[in-house]
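# Secondary and tertiary structure notes
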Amino acid sequence: MERREEQPGAAGAGAAPALDFTVENVEKALHQLYYDPNIENKNLAQKWLMQAQVSPQAWHFSWQLLQPDKVPEIQYFGASALHIKISRYWSDIPTDQYESLKAQLFSQITHFASGSKIVLTRLCVALASLALSMMPDAWPCAVADMVRLFQAEDSPVDGQGRCLALLELLTVLPEEFQTSRLPQYRKSLVRASLAVECGAVFPLLEQLLQQPSSPSCVRQKVLKCFSSWVQLEVPLQDCEALIQAAFAALQDSELFDSSVEAIVNAISQPDAQRYVNTLLKLIPLVLGLQDQLRQAVQNGDMETSHGICRIAVALGENHSRALLDQVEHWQSFLALVNMIMFCTGIPGHYPVNETTSSLTLTFWYTLQDDILSFEAEKQAVYQQVYRPVYFQLVDVLLHKAQFPSDEEYGFWSSDEKEQFRIYRVDISDTLMYVYEMLGAELLSNLYEKLGRLLTSSEEPYSWQHTEALLYGFQSIAETIDVNYSDVVPGLIGLIPRISISNVQLADTVMFTIGALSEWLADHPVMINSVLPLVLHALGNPELSVSSVSTLKKICRECKYDLPPYAANIVAVSQDVLMKQIHKTSQCMWLMQALGFLLSALQVEEILKNLHSLISPYIQQLEKLAEEMPNPSNKLAIVHILGLLSNLFTTLDVSHHEDDHEGSELRKLPVPQGPNPVVVVLQQVFQLIQKVLSKWLNDAQVVEAVCAIFEKSVKTLLDDFAPMVPQLCEMLGRMYSTIPQASALDLTRQLVHIFAHEPAHFPPIEALFLLVTSVTLTLFQQGPRDHPDIVDSFMQLLAQLNRVSSSVSVEVDNPTSSFSAPLPQLAESSTKTRERLIPKGGNWAGLGVVREGVVTVPSSSRVAGMPEKFRGRTGIEGPGVHCPRAPAGNCLPQCLQPALER
């Protein structure tokens, strides 16, 4: 084959057989990869080098790249290529070459023992891969042979270099096993072989670790090697001596991190709980670290305190059940629990002054689960011992949840504040979980402390303390039913006495009130105690999220008790909306809250409030509809439409949501005159059409318009019926002009609600035929360009199939306008399946798929349709039949494989 003259990177774009993987070309490609400033050239070089690594020539050029005169980057690539060839293409190596390959690798490792460390590591990984492929039959004593060969005195490398090279090889061997591609049956054999080989490794590691003359670098490597081997689930009792040596090494600052990692890995092995006696021996070793822990905390040594905490938590969290079962040793385990409590309450604010306390939270879950899993008698004994511990834990957690001083908090970075927020959420989850053990007594405990704090005149209280206690209440009330708690009335009475001079405290007060909204619904007399606080907070932009979400919860849960306060709530809400105090999402929540509130009023009152509430927005929308489209107007239009749609989402005078039974969706409307939402929609319908006429090509505006009607339909159900004819007409014009997925989604919702209402279905039927015709015409141009429309159209067909009375039309004419696009759709679905499959992922639910037919309106309705509709859709009256056709008889064959896939 004639050698090509192109650069290796450029050659990478060619066909593989034409590539010339020589040493020179590999070196050129590596130079291009590392030093060429052009990113495209780098990518081409990377692609070419990846091909080179797996080529047959790699066996040749890899050894040449390891020559001493090469730079480390080139040597590293050669070692990596050897590893890839051995690990992925082992079957290509003749058995008679195993020994020579092994000898070459040993020779190279010996050479690089005093050379580049990154190259040494890759060569060790290559030899480890070879050993795993040969064990146990072709190389039964691989590890022992490695130890013997590197201990040979005739090596040109000094003793420390050989020792470090051997330790590196022994370290990567278990790691390579964990990531190897060995078949499962081979993996079991090799694992068993490695377990036996521990006998050649651990004595060497113990000797090197305990030998006073061993340099620090060797001892550190020993600890890393031990950490690697214990992950092979070595019996804990076999590791006892090394674990004790690792505990001793914790006193050496250079070895501390490696020692912690080794101890934690050894303790955390799933099989370790079988060796209870060894675990009991470890407890005194862990407790013996308490002085070192306290000293580290006192000196602000976060790394040391973090490492010791990891060890204590690893022992407690992984083996709490096994240690709890050792009743005669309950005091030593309790001492370990108290040590972990110290770690939970470690001084300082997370994450600025400490990062340790968060490690302990999962332990408290585990311990509680293990205690509550005992039989009743034993559980009662442990509850007596550990309930006081958990009450102490609550105090510690609430202290850790306290904010720092305003001045200190002001210096925190945004990242630190976010970490602290997440940390408080974790504390909140822990408090909620602890309630299962402590029960109502926990709430009483919190209430008593808050009461003493707020009523004491002896000394001023800090807002941080008050906030933390309220946060504890909020954490529990958000997830636990506190409706029967006898302390909540007192808490509601205490809240107005809180002197709120801080945003964080005010936020927590709001969220606490919101968490108690269900209780307020059962005790409406107390609403007046807290509602003024919420309404006052609405005017503070810093309390936007907490105040609006709390008002929404109160309006949702207590709406039937709010009519006396409705005028005030609407007035305050309207004021803050006009002043644009809140961000868009909070404005939407506020509209939802007002929808809940108005739902409980009389129709006349609703219309009166709606007029005052939305008139300014309608006037603004009228003005915007007259102006030419521009980005600023678009934002304002979408915002106004969003406000209306969110208001109509929850404004339900028929109270359908309250009457739900099981999965029943539709209920008969409550007869009380015209529905206020329908009245408003009819009044603004012409205005919405005017807006659409100028913004029809903007998907976001169209989606916002459709959202108003879609959310109204979902809320009003049958009450929406008066709007159906004009809405269907508008949707037909919209979709015929510019097809958009949001129009199909709204059509699907109309089908869902009104499919079984003969009086209202004809306009929906005509709309369905129109969108079907337009959609299939669009598909003929290529459905790949419209994945959102494909998805929405398929969901529309699925919805129609679910509500249909099995009246179907055969698609038996492969040239008809209805069936013609299906082959293209099938072809596209094979290429862009992930984009064209409906969100529900259920092709079988579609009428066009399940039984080779398309579900359409009945024959009488088809016959009465205009000829242009029937002609455009390919639907003919005589083709209508009631029985479903056998699968595949009518569906184009090319669609079947795609759907089956």
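Residues numbered from 1 in each chain as written. Predicted model: local features only at pLDDT ≥ 70, side-chain atom pairs only at ≥ 80, totals over all residues. Heavy atoms only, no water.

What follows is about the overall build of the chain. On a plain count of helices and strands, the chain comes out with 44 helices and three strands. Across the 901 residues that make up the chain, the buried fraction comes to 54%. Considering only intrachain contacts with a sequence separation of at least 6, the fraction spanning at least 24 residues in the chain is 75%. Summing over all exposed atoms, the chain offers an accessible surface of approximately 39,700 Å²; the carbon and sulfur share of this is 52%. (Helix = DSSP H or I, 4+ residues; strand = E, 2+ residues; numbered from the N terminus. Buried < 20%, exposed > 50% of the residue type's maximum accessible area, 1.4 Å probe, protein only. Contact = heavy atoms within 4.5 Å. Areas by Shrake-Rupley, 256 points an atom, 1.4 Å probe, with all protein chains shown as cover.)

Turning our attention to the layout of surface pockets. If you add up the space inside the largest pocket, you get close to 510 Å³. Lining the largest pocket are 22 residues, and of these Phe403, Arg421, Arg424, Asp507 and Phe511 sit closest to its centre. Mapped onto the lining of the largest pocket, the elements with two or more residues apiece are helix H21 (414–438), helix H23 (463–477), helix H25 (503–515) and helix H28 (544–557). Considering each element in turn, the lining of the largest pocket owes the most residues, six residues, to H21. Of the residues belonging to the lining of the largest pocket, the class tally is nine nonpolar, six polar and seven charged. (1 Å grid on protein atoms, 1.4 Å probe; cavity = no way out; pocket = protein on both sides within 12 Å on 5 of 7 lines; lining within 4 Å. Points joined across faces, edges and corners; volume = space filled by probe spheres on them. Nonpolar A, V, L, I, M, F, W, Y, C, P; charged D, E, K, R; others polar.)

For helix H3 (residues 39–54), built from 16 residues, the straight-helix expectation of 22 Å at 1.5 Å per residue is met to within 8% by its first-to-last C-alpha distance of 23 Å. Taken as a whole, H3 has its buried residues at Ala45, Trp48, Leu49, Ala52 and Gln53. Angular distribution of buried residues about the axis of H3 spans 140 degrees; they occupy a single face of the element. Turned more than 90 degrees away from the buried face of H3, the exposed residues are Ile39, Glu40 and Met50. One side-chain oxygen at the N-terminal end of H3 lies 2.8 Å from the backbone nitrogen of Glu40; it belongs to Asn38. (Expected span 1.5 Å × (residues − 1). Arc of directions from axis to C-beta. Polar contact = N/O pair within 3.5 Å; in protein donor to acceptor, adjacent residues only side chain to side chain.)

So, about the packing of H25 against H28. Axis separation between H25 and H28 bottoms out at 8 Å; the angle between their running directions is 15 degrees. If you check the angle between H25 and H28, you find them roughly parallel. Remark: the crossing between H25 and H28 carries left-handed chirality. On H28, the residues touching Asp507, Met510, Phe511, Ile513 and Gly514 of H25 are Val545, Ser546, Ser547, Ser549, Thr550, Lys553 and Ile554. When its residues are assigned to classes, the contact of H25 with H28 shows five nonpolar, five polar and two charged. (Axes fitted to C-alpha atoms, helices over the stretch in contact; angles between N-to-C directions. Parallel < 35°, antiparallel > 145°, perpendicular 65-115°, else oblique. Left-handed = near helix turned anticlockwise from the far one by under 90°.)

Spanning 20 residues, helix H32 (residues 631–650) covers 30 Å between terminal C-alpha atoms, matching the ideal 28 Å at 1.5 Å per step. Counting buried positions over the 20 residues of H32 gives 14, a clear majority of the element. With a side-chain oxygen lying 3.0 Å from the backbone nitrogen of Ser632, the N-terminal cap of H32 falls on Asn630.

The next subject is unusual backbone geometry. Leave glycine aside and you will find that most residues have negative phi; peptide bonds, for their part, are mostly trans. A cis amide bond links Met135 with the next residue in sequence, Pro136, at an omega value of -10 degrees. Structurally, Pro136 can be placed in the loop between helix H7 (117–134) and helix H8 (142–150). Each neighbour pair has its own omega, and for Tyr350 with Pro351 the value is 0 degrees, a cis peptide bond. Relative to the helices and strands, Pro351 is located in the loop between helix H17 (330–344) and helix H18 (361–372). The residue Glu233 is not glycine, and still its phi comes out positive at about 60 degrees. Topologically, Glu233 is positioned in the loop between helix H11 (216–230) and helix H12 (240–249). With a phi close to 55 degrees, Gln580 is a non-glycine residue in the positive phi region.

At a minimum axis separation of 11 Å, helix H14 (residues 276–287) and helix H16 (residues 302–324) run at an interaxial angle of 145 degrees. Along this stretch, H14 crosses H16, giving a crossing that reads as left-handed. Contacts from Leu279, Leu280, Leu282, Ile283 and Val286 in H14 reach Ile311, Ala312, Leu315, His319 and Leu323 in H16. Tallied by class, residues from the contact of H14 with H16 come to nine nonpolar, one polar and no charged.

What follows is about the environment of Lys553. As for its placement among the helices and strands, Lys553 is situated in helix H28. The class for Lys553 is partly exposed, based on a relative accessible area of 25%. In this structure the C-alpha to C-alpha distance between Lys553 and Ile513, which are 40 residues apart in sequence, comes to 9.2 Å.

As enumerated under the stated definition, the model contains 21 aromatic pairs in all. Taken together, a centroid distance of 5.8 Å and an interplanar angle of 80 degrees make the contact between Phe202 and Phe226 edge-to-face. Here Phe202 is found in helix H10 (residues 184–210), whereas its partner Phe226 is found in helix H11, with 24 residues between them in sequence. Residue Phe202 is classed as buried on the basis of its relative accessible area, which comes to 4%. Ring centres of Phe779 and Phe793 lie 5.9 Å apart, and the angle between their planes is 80 degrees; on these two criteria the pair is classed as edge-to-face. Pair noted here: Phe779 is in helix H37 (residues 761–780) and Phe793 is in helix H38 (residues 787–803), with a separation of 14 residues, a long-range link. Taken as a pair, Phe779 and Phe793 share a single burial class, namely buried. Through successive ring pairs, a cluster of aromatic residues spans Tyr350, Phe403, Tyr409, Trp412, Phe420, Tyr423 and Trp463. (Phe/Tyr/Trp six-rings, centres within 6.5 Å; stacked < 30°, edge-to-face > 60°.)

This paragraph deals with the pattern of salt bridges. For side chains of opposite charge, pairing can occur when their charged atoms come near one another. Considering all chains together, one arrives at 21 salt bridges under this definition. A salt bridge links Arg424 to Glu467; the nearest nitrogen and oxygen atoms lie 2.6 Å apart. Taken together, the residues span a long stretch of sequence, with Arg424 in helix H21 and Glu467 in helix H23 at a distance of 43 residues. According to the relative accessible area criterion, Arg424 is buried, its value standing at 7%. (Salt bridge = Lys/Arg side-chain N within 4 Å of Asp/Glu carboxyl O.)

Relative to the assigned elements, Ser258 resides in helix H13 (residues 256–267). Judged by relative accessible area, Ser258 falls into the buried class, the value being 9%. If near-sequence neighbours (up to four positions away) are discounted, Ser258 is found in contact with Gln220, Leu223 and Lys224.

So, about the confidence of the model for the chain. Mean pLDDT for the chain: 85, with 84% of residues reaching 70 or above. For the stretch residues 660–669, pLDDT sits under 50, and the model shows 16 contacts to residues farther than four places along the chain or on other chains. (pLDDT = per-residue confidence, 0-100.)

Locating Lys711 in the fold gives a position in helix H34 (residues 699–716). Its relative accessible area of 30% is what places Lys711 among the partly exposed residues. Here the alpha-carbon distance between Lys711 and Ser645, two residues 66 residues apart in the chain, equals 6.4 Å. Setting aside residues up to four positions removed in sequence, Lys711 forms contacts with Ser645, Asn646, Phe648 and Thr649.

What follows is about the nonpolar core. With 276 residues, the main nonpolar core has Trp229, Tyr386, Phe709 and Phe720 as its most contacted residues. Ranked by residues supplied to this core, first place goes to H7 with 12 residues. Here this core spans two domains, since at least three of its residues come from each of domain 1 (271–476) and domain 2 (477–601). Aside from chain neighbours lying at most four places away, what touches Phe720 is Val678, Leu681, Phe709, Ser712, Val713, Leu727, Leu750 and Phe754. Formed by 16 residues, the second largest nonpolar core is a distinct cluster that contains Phe21, Leu30, Leu49 and Phe77. (Core = buried A, V, L, I, M, F, W, Y, C linked by side-chain atoms within 4.5 Å. Domains from an automatic or database assignment.)

With respect to the secondary-structure elements, Thr171 resides in helix H9 (residues 159–179). With residues up to four places along the chain from it excluded, the contact list for Thr171 reads Lys221, Lys224, Cys225 and Ser228.

This next bit is on the state of the cysteines. Under the counting rule described, the total for this entry stands at zero disulfides. Here Cys309 is not cross-linked by a disulfide; its sulfur's nearest cysteine counterpart is in Cys343, at 3.8 Å. Free cysteine Cys558: the closest other cysteine sulfur is in Cys555, separated by 8.4 Å. (Disulfide = S-S within 2.5 Å.)

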